[in-house]
There are 2 protein chains.
Amino acid sequence: MITETPLTASSALAAWQHLSAEERVSAFRSLSRDQREDLFIDLSSADQAELARTMPEHERRTYLRILAPDDVADLIQESPEEERDALVNLLDWASQREVRALLAYAEDDAGGLMNPRFARLRPDMTVDEAIAYLRLQARQMETVYYAYVVDSQQKLAGVISLRKLFASDGRARVSDVMRIEVVSVQAETDQEEVARMFSLHDLAAIPVVDEEGRIKGVVTLDDIVHVVQEEATEDIQKIGGMEALHGPYLDTRFFEMVKKRAGWLAALFLGEMLTATAMAHYEDEIAQAVVLAVFIPLIISSGGNSGSQASTLVVRAMALGELRLRDWWIVAWRELRSGLVLGAILASIGFSRIVVWHAVGGVYGEHYLLVGITIALSLVGVVLFGTVAGAMLPFILRRAGVDPATASAPFVATLVDVTGVVIYFTTASIVLRGTLL
Amino acid sequence: MITETPLTASSALAAWQHLSAEERVSAFRSLSRDQREDLFIDLSSADQAELARTMPEHERRTYLRILAPDDVADLIQESPEEERDALVNLLDWASQREVRALLAYAEDDAGGLMNPRFARLRPDMTVDEAIAYLRLQARQMETVYYAYVVDSQQKLAGVISLRKLFASDGRARVSDVMRIEVVSVQAETDQEEVARMFSLHDLAAIPVVDEEGRIKGVVTLDDIVHVVQEEATEDIQKIGGMEALHGPYLDTRFFEMVKKRAGWLAALFLGEMLTATAMAHYEDEIAQAVVLAVFIPLIISSGGNSGSQASTLVVRAMALGELRLRDWWIVAWRELRSGLVLGAILASIGFSRIVVWHAVGGVYGEHYLLVGITIALSLVGVVLFGTVAGAMLPFILRRAGVDPATASAPFVATLVDVTGVVIYFTTASIVLRGTLL
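Everything numeric here is computed off the predicted structure, so don't read it as measured data.

Peer 1: Got a sec to walk through the side chain of S79 of chain B? Specific residues and values, please.
Peer 2: Mapping S79 of chain B onto the fold places it in the loop between α6 (69-77) and α7 (84-89). When its relative accessible area of 4% is taken as the criterion, S79 of chain B is described as buried.

This is the structure we're talking about:
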């Protein structure tokens, strides 16, 4: 399949995820030297690490050295613990120091994302001098979107985009054309927060500074796109009711995946057992009016569905920074009204269904109207509870320091199922007392 | 609240989503002219449009003119239909032409994202000449990460990053240092596909070309971060079982939101009614063995939960391009095995629960072992069906040309609930025949 048409770096990259380990190595080998370098740079850190392990040492050294220090650090973090030191030792001395410093930061902090090589300028340079100076630095850098203006203590004094530098008069001083209000982060800033700052300020790069305002490195937008994708994937998997996978579906090993799913599934199962406990209390009612059992799945799933809508909305809005903890009462009030309206809609559909079915088949006995009223009232109660509980749960989790995305659709559904059973049978015992019960 | 501390552009921007319409206008007015411009550029298109409507015409003209053409086009697309022409007419003649051309593209195509102003070079220039020429162009451009090398027919001949241009010998020809293999898209390419190409090739910008290879504009990475966030939000909302909102939670009007939720909720309710129809067939069985009714929510929700895990995994992997249609059988085989293992785990928990509960309270009668076997076998069947159905549904939807994210957790749960009822009662009627039934 691979040898049918001549491979390019782009086509190999596009097919990469669908190749086996051996196919990857042979695809890599079949490329020209330049194409191999292009491909290697574009691969994910995990794929780079995998490929590097198949190389003889001299080749591994070459490929490590074409990567920027932050990318080398990522590759090393994807390699087995015991091989990491050997990998760092393949680098030249200056890079070793940079990479070791980066490895000290957590992978999901600004420090773990930043590149320690960036374009520096002095405030008293002219624009012409600055451009000439940047040309001298360019070979050591991964990207140049902005140049950072630092004083003699390496403190960040300002920033200027290449575009602005180019558009400015060549004889102007850098200090006169630079922007002084610089958006920056600290090495410990969480990557989700960094992503929010990029999206809020529409920047291509954000500098990382220490407490004294000295610049340590630069996080660029291309790292952030991966962060945004990763964080969304993790949230989606949590919302689906499982632990986040931390890797592509096809690359995750079978038992690893089953483990990530079985834990939550078993926890949800234990929670759902409470429905059996609750229903055991109503065995007499069910024995007297079997018709009640028929509507149990319909009633409780409506609560689960409305709760899943509400929790998903709130979880995503929180992740995007649209909702803060203190907004909880706005959301509560809004969802209370939504729950009432949505419950009323389902109640009228449910009531009509019973009346129509009864008119056609007479299946619900002489008290069909009372059964209809029981179903309708239960639906309003269950949907209202589901909506408000689903919307509030993420706030409660966040307040407790737990990721709000844990309020998954299945989690909310399970919570609401138990309450749904209680709401349903309580309503039934009130409405149907003296007739069916 | 706003006047307590002096506002900066950054603090106003951070607070923007939590301000009312009047607070926004007064916050904007309280800033200095420079800060107002910074803030305006950083706002979302929808917020820019809202703010522009509060301005007198001469001011609106000023603020429209500080935006790049693609951003003006976005602002205009967020404005009411009847005001759009008047807004375009505020621009200078050259920008009017550019913006009208952009407005002709769909908002979610590469054409709708691209900026028609970008850095151009000729292949026969020297590097020194190229840098001097870029400095002449810089004032008209939004960003300069790459310069695009075009021939006399405006056909794209190559690309060079600013970094590479800076790092190259000043006397070298552009054609000798540029990269010839250029990743490009067409104006009609969908924004999700464009986002995938950015993430695959780790680029800061991608040029848009027509069928003849002539360059029409450039999509930059900062537009893509928004696309990635938006697409993830839409997918998450669909996975939560509702229509996508297309705006922040707090900015969406109450009835708009209820409408987007009620449609799906009602559809799911109608689907879930099939459980009542199915259960009506088993009324005799329930009347004979009320204990069966007690476990209905437990059994069917386990199917729903496992289905929701599987569908969420597959939907996200498809959105990231990790899974293609033709991978369906790999996924089917994998999920078949996952379903068996997960089902067996839940079955053993369920069986133990019944045995232990019975030993403690004697609640399940003399045939408690048969009840336990019924529950265990049903769980294996329901979880297996839920897992495989949840994993295959996104493939079926995609094959039918529907967004796979429609296979939401509630949708899968509803589908599985109906089948779960049938699996459960069929198993019961086989295992319990002659004893309880």
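Peer 1: Any details on the packing of helix α6 (residues 69-77) of chain A against helix α8 (residues 93-103) of chain A? Residues and values, ideally.
Peer 2: Residues and elements named next belong to chain A. The N-to-C vectors of α6 and α8 enclose an angle of 60°; their axes lie 9 Å apart at closest approach. The angle between α6 and α8 places the two elements in the oblique class. As α6 runs across α8, the sense of the crossing is right-handed. Contact residues: P69, D70, V72, A73, I76 and Q77 in α6; E98, V99, L102 and L103 in α8. Its residues placed into classes, the contact of α6 with α8 shows seven nonpolar, one polar and two charged.

Peer 1: Got a sec to walk through the interface of chain B and chain A? Specific residues and values, please.
Peer 2: Taken together, the contacts link 121 residues of chain B with 121 residues of chain A. Carbon and sulfur atoms make up 65% of the surface buried where chain B meets chain A, a total of about 11300 Å² over both sides. Of all residues in chain B, the largest losses of buried area upon contact with chain A belong to R135, F166 and Y249 of chain B, amounting jointly to 7% of the total for that side. At the junction of chain B and chain A, the tally comes to six salt bridges. For D128 of chain B, the salt bridge is made with R135 of chain A, and the minimal N-O distance between the two is 2.8 Å. At the surface where chain B touches chain A, the tally comes to 33 residue pairs in polar contact (both at pLDDT 80 or more). For the side of chain B that touches chain A, the element with the most residues is helix α15 (residues 254-280) of chain B, which contributes 18 residues. Residues of the side of chain B that touches chain A, tallied by class, amount to 66 nonpolar, 31 polar and 24 charged.

Peer 1: Give me the pairing of strand β2 (residues 146-150) of chain A: which residues, what numbers.
Peer 2: Residues and elements named next belong to chain A. Among the five residues of β2, five are classified as buried, and the element is accordingly described as predominantly covered. Along β2, one buried face is formed by Y146, Y148 and V150 and the opposite face, lined by A147 and V149, is buried too. Here strand β1 (residues 119-121) runs beside β2; their pairing, made up of three bridges, is parallel. What sits directly across from L121, in β2, is V149. For the crossover that starts at β1, traverses helix α10 (residues 127-137) and ends in the parallel β2, the hand is right-handed. Here β2 pairs with strand β3 (residues 156-161) via five bridges, running antiparallel. Bridged to Y146 within β3 is S161.

Calculation notes
Residues numbered from 1 in each chain as written. Chains lettered and ligands numbered in written order. Predicted model: local features only at pLDDT ≥ 70, side-chain atom pairs only at ≥ 80, totals over all residues. Heavy atoms only, no water. Helix = DSSP H or I, 4+ residues; strand = E, 2+ residues; numbered from the N terminus. Buried < 20%, exposed > 50% of the residue type's maximum accessible area, 1.4 Å probe, protein only. Axes fitted to C-alpha atoms, helices over the stretch in contact; angles between N-to-C directions. Parallel < 35°, antiparallel > 145°, perpendicular 65-115°, else oblique. Left-handed = near helix turned anticlockwise from the far one by under 90°. Contact = heavy atoms within 4.5 Å. Nonpolar A, V, L, I, M, F, W, Y, C, P; charged D, E, K, R; others polar. Buried area = accessible area lost by both parts, 1.4 Å probe. Salt bridge = Lys/Arg side-chain N within 4 Å of Asp/Glu carboxyl O. Polar contact = N/O pair within 3.5 Å; in protein donor to acceptor, adjacent residues only side chain to side chain. Pairing = 2+ DSSP bridges. Right-handed = clockwise from strand over helix to strand, strands pointing away.

On their own, these measurements won't tell you what the molecule is for.
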